[in-house]
Amino acid sequence: MIRLGTRASKLATTQSGWVADRLREAHGVEVELVEISTEGDRSSAPLAQIGGTGVFVAAVREAVLDGTVDFAVHSLKDLPTAAAEGLTLAAVPLREDPRDVLIARDGLTLGELPRGARVGTGSPRRVSQLNALGLGIEIAELRGNVDTRIGKVAGGQLDAIVLARAGLLRLGRADEATEVLDPLQMLPAPGQGALACECRADDDATTALLSVLDDPDTRAAVTAERTLLATLEAGCSAPVGALADVVWGDDGDELWLRAVVGDLSGNPVIRRSASGATSEAAALGRRLAEELLAEGADQLMGSVTTP
Ligand SMILES: NCc1[nH]cc(CCC(=O)O)c1CC(=O)O
């Protein structure tokens, strides 16, 4: 029996259950899910106030380090980019669709929402890019799990919300989306749609067990995205979007990385892209971040008070 530490939300336990099934298939090993309450789940304060998405992972990481569990499954986009002392990212499985979606009343798309429509999101990244579209919508703060958020539209408190398609797909609710947002309008969070299987750095057995789940293309893409985020020295809750795709180039696989940085007003936002060898994913992320910094990204991000 191997113990898997997970947040207690339906999305987190569903994601962890998926990993447990893959390990059972690959190794015939029994996996016990251990639910751990995190500060991010207990607090209803705006994310930016309580320290960004890192608050969803600290308690689960503690449980891995103190041996309560053997490994943890996180949403990769909630993991701080700084290396965690004593832990290793043993596997990043094949990524789910990384795009954001809109769930709006009456089946409306973003372009069909009337001026003044109230759109809920807790993500500065989404706020910045929604404002950059200049649709005249009103942004409303939004916290809570997927059910709570969708309920705000169904209940009429909001006209629409923006959330990750990956979460809806894993919960079997992707058909409730009224529009899948094109990355040209809404670049996702670095690592969005990807899972992180993390264990103790000195636990070779668990590292080996998890490594079968690692998907090389996903690993390369999220390495570029998260290295960009780390180089910008932006926290998980900064208005930074990034998406890397592995594309077939003339001389084999290439990694194409797009990124956007803004402030909450979305005016201006800086969008840049670059490509490079899949094997040089971290260098690509660093290079594009440095280009964004040369264009004034740090002034833009600095103007957003994120902890
Ligand atoms: N803390 C929010 C969070 N962390 C991971 C996901 C979605 C699943 C993923 O990105 O893999 C979400 C919800 C959302 O952004 O809609």
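The sections below set out a description of the structure shown in this document. Treat the numbers as computed from the prediction; the structure is a model and nothing was measured. (Residues numbered from 1 in each chain as written. Predicted model: local features only at pLDDT ≥ 70, side-chain atom pairs only at ≥ 80, totals over all residues. Heavy atoms only, no water.)

### With respect to the state of the cysteines
Next up, step 1: Going through the model one piece at a time under the given rule, you end up with zero disulfides.
Next up, step 2: Free of any disulfide, C197 has its nearest neighbouring cysteine sulfur in C199, separated by 9.1 Å.
Next up, step 3: Residue C197 is classed as buried on the basis of its relative accessible area of 0%. (Disulfide = S-S within 2.5 Å. Buried < 20%, exposed > 50% of the residue type's maximum accessible area, 1.4 Å probe, protein only.)

### What about the pattern of salt bridges?
Next up, step 1: Per the stated rule, a full pass over the model turns up 23 salt bridges.
Next up, step 2: Across the pair E30 and R24 runs a salt bridge, and its minimum N-O distance is 3.4 Å.
Next up, step 3: For E30, a relative accessible area of 42% corresponds to the partly exposed category.
Next up, step 4: Salt-bridge contacts for D97 lead to R165; the nearest nitrogen and oxygen are separated by 2.8 Å. With D97 in the loop between β4 (87–91) and β5 (100–104) and R165 in helix α7 (residues 165–170), this residue pair connects regions lying 68 residues apart in the sequence.
Next up, step 5: Take D97: its relative accessible area is 13%, and that puts it in the buried class.
Next up, step 6: Owing to a relative accessible area of 21%, R165 belongs among the partly exposed residues under this scheme.
Next up, step 7: Here the salt bridges share partners, and the residues they tie into one network are R3, D70, R200 and D203. (Salt bridge = Lys/Arg side-chain N within 4 Å of Asp/Glu carboxyl O. Helix = DSSP H or I, 4+ residues; strand = E, 2+ residues; numbered from the N terminus.)

### Regarding the pairing of strand β11 (residues 240–249)
Next up, step 1: Note: β11 against strand β12 (residues 252–262), 10 bridges, orientation antiparallel. Of the residues in β12, the one forming a bridge with V240 is V261.
Next up, step 2: Connecting β11 to the antiparallel partner β12 that follows it, the hairpin turn spans two residues. (Pairing = 2+ DSSP bridges.)

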